[in-house]
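Chain by chain, the residues:
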Amino acid sequence: EAQVTQNPRYLITVTGKKLTVTCSQNMNHEYMSWYRQDPGLGLRQIYYSMNVEVTDKGDVPEGYKVSRKEKRNFPLILESPSPNQTSLYFCASSWLPLAKNIQYFGAGTRLSVL
Amino acid sequence: GIQVEQSPPDLILQEGANSTLRCNFSDSVNNLQWFHQNPWGQLINLFYIPSGTKQNGRLSATTVATERYSLLYISSSQTTDSGVYFCAEPGIIQGAQKLVFGQGTRLTINP
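Quick caveat: nothing in here was measured; it's all calculated off a predicted structure. Each chain has its residues counted from 1, running along the sequence as written. The order in which chains are written sets their letters, starting at A; the order in which ligands are written sets their numbers, starting at 1. Totals for whole chains, interfaces and linings use all residues, but because this is a predicted model, local features are given only for residues with pLDDT of at least 70 and pairs of side-chain atoms are given and counted only at 80 or more. Values shown for side chains rest on all heavy atoms present in the structure; no hydrogens or waters enter the calculation.

### So, unusual backbone geometry
Okay, step 1: The peptide bond linking Asn7(A) to Pro8(A) adopts the cis configuration, its omega dihedral lying at 0 degrees.
Okay, step 2: Comment: elements are numbered from the N terminus, with helices defined as DSSP H or I runs of at least four residues and strands as E runs of at least two. Inspection of the secondary structure puts Pro8(A) in the loop between strand 1 (4-7) and strand 2 (10-13).
Okay, step 3: In this chain, Ser7(B) is followed by Pro8(B) through a cis amide linkage whose omega measures -10 degrees.
Okay, step 4: Counting through the fold element by element, Pro8(B) comes out in the loop between strand 1 (4-7) and strand 2 (10-14).
Okay, step 5: Of note in the backbone geometry, Asn28(A) takes a positive phi value of approximately 60 degrees without being a glycine.
Okay, step 6: Relative to the elements of secondary structure, Asn28(A) occurs in the loop between strand 3 (19-25) and strand 4 (31-38).

### Quick look at the interface of chain B and chain A
Okay, step 1: On the chain A side, the residues contacting the 20 residues of chain B number 26 residues.
Okay, step 2: Put simply, buried area is how much 1.4 Å-probe accessible surface two parts lose in total, over both of them, once they are put together. With both sides pooled, the region where chain B packs onto chain A buries about 1800 Å², and carbon together with sulfur makes up 51% of that total.
Okay, step 3: Area buried by chain B at its contact with chain A is led by Leu43(B), Gln97(B) and Lys98(B), which between them contribute 29% of it.
Okay, step 4: A pair is scored as a salt bridge if a Lys or Arg side-chain nitrogen falls within 4 Å of a carboxyl oxygen belonging to Asp or Glu. At the surface where chain B touches chain A, the tally comes to 1 salt bridge.
Okay, step 5: Here a polar contact is recorded for every N or O atom pair within 3.5 Å, except that within protein the pair must consist of a potential hydrogen donor and a potential acceptor, and residues adjacent in sequence are included only if both atoms are side-chain atoms. Applying the counting rule to chain B against chain A returns 10 residue pairs in polar contact (both at pLDDT 80 or more).
Okay, step 6: Breaking the side of chain B that touches chain A down by element, the ones donating at least two residues are strand 4 (33-37), strand 5 (43-48), strand 9 (83-93) and strand 10 (96-101) of chain B.
Okay, step 7: Here the element with the most residues in the side of chain B that touches chain A is strand 10 of chain B; it accounts for 5 residues. Residue contacts are counted whenever heavy atoms from the two residues lie within 4.5 Å of one another.

The following block contains the structure:
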């Protein structure tokens, strides 16, 4: 079954404690992306990757890091989380070009930073 | 870059009613997707519909690419249809390749 898997689904942490949200897809997609969703602000892109070792900034990259060492994995790293990173996070993946392919989304990670 | 507008922002209906949600685009439509975000926050793919009409049970969608809009129809609404519906189109905004989402339509179906 085609899947984008995010872990954890829920996370409560404290300011400054490094964390990683994992994302894995089993469809051999070249493109992967992270979005955050906040009330009144909609979904905003954090980072995306067009292929292994190729990553680029989205709308709101500050405070986040990503890596793409393998095609299937695209972890989101918060080196020093702050309360303004409390949000609902989604990972997505797709074949390229985006204009001709569906983007598949993970189930979301609800993060609270205290 | 492309802009996506959805209407209405909110819709409250009784169970059994029909509804129409609209999505307007500022640029050409290539790869429109409709999503349902359920109360648990999950984004569920409903349709991939760059043009034409598709049906899936009580839901159907129509995209008129030349006029830059898409419609999502929900017939005989059920309480489980409640949630936020998004349309999205891939675009390149300030060099970043992404799905550009509308602000969503919040649908509430009352029993």
